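# Architecture and fold: a report
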Amino acid sequence: MAFKSRRKYCYFTENNIKEIDYKDVKLLRRFTNDQGKIMPRRVTGSCAKMHRKLVRAIKQSRMICLMPFTDTGVE
């Protein structure tokens, strides 16, 4: 029995978000997994243009210590 997968839509296009701010950590965390890695497009469903902006914003946020590079290693 084959399951029909649900079409993923770009979160940013649906919510009419044109620019992604690197200071909006709450939004950026939504696109990282529990280890702090950036989730791929095929998982998040974001379009290519917005995913590039998202990756750039996450990396900027990491560089100024708003987001951690990884969440592992702390026990």
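Residues numbered from 1 in each chain as written. Predicted model: local features only at pLDDT ≥ 70, side-chain atom pairs only at ≥ 80, totals over all residues. Heavy atoms only, no water.

### Quick look at the pattern of salt bridges
Should their charged atoms come close, side chains of opposite charge can pair. The final tally for this structure, using the stated rule, is 1 salt bridge. Note that Lys53 is salt-bridged to Glu19, the shortest N-O span being 3.4 Å. You can see Lys53 sitting in helix 4 (residues 48–63) and its partner Glu19 sitting in the loop between helix 1 (11–14) and helix 2 (25–29), a full 34 residues away along the chain. Among the residues examined, Glu19 registers a relative accessible area of 58% and is labelled exposed. (Salt bridge = Lys/Arg side-chain N within 4 Å of Asp/Glu carboxyl O. Helix = DSSP H or I, 4+ residues; strand = E, 2+ residues; numbered from the N terminus. Buried < 20%, exposed > 50% of the residue type's maximum accessible area, 1.4 Å probe, protein only.)

### Here we look at the confidence of the model for the chain
Across the chain, the average pLDDT comes to 91, with 93% of residues at 70 or higher. In the model of the chain, helix 3 (residues 41–44) stands out as the element of lowest mean pLDDT, 93, in contrast to helix 4, which has the highest, 97. (pLDDT = per-residue confidence, 0-100.)

### Describing the packing of aromatic side chains
Across all of its chains, the model carries 3 aromatic pairs by this definition. A centroid spacing of 5.1 Å and a plane angle of 25° characterise the contact between Phe12 and Phe31, whose relative ring orientation is stacked. Of the two residues, Phe12 is situated in helix 1 and Phe31 in the loop between helix 2 and helix 3; the sequence distance between them amounts to 19 residues. The buried category is assigned to Phe31, whose relative accessible area is 4%. (Phe/Tyr/Trp six-rings, centres within 6.5 Å; stacked < 30°, edge-to-face > 60°.)

### Quick look at the nonpolar core
Counting 12 residues, the largest nonpolar core consists of Cys10, Phe12, Ile20, Val25, Leu27, Leu28, Phe31, Met50, Leu54, Ala57, Ile58 and Met67. Sorting the residues of this core by element identifies helix 2 and helix 4 as the ones contributing at least two each. No other element matches the 4 residues that helix 4 contributes to this core. Sequence-distant contacts of Leu28, that is, excluding residues within four places in its chain, are made with Ile20, Asp21, Tyr22, Leu54, Ala57, Ile58, Ser61 and Met67. (Core = buried A, V, L, I, M, F, W, Y, C linked by side-chain atoms within 4.5 Å. Contact = heavy atoms within 4.5 Å.)

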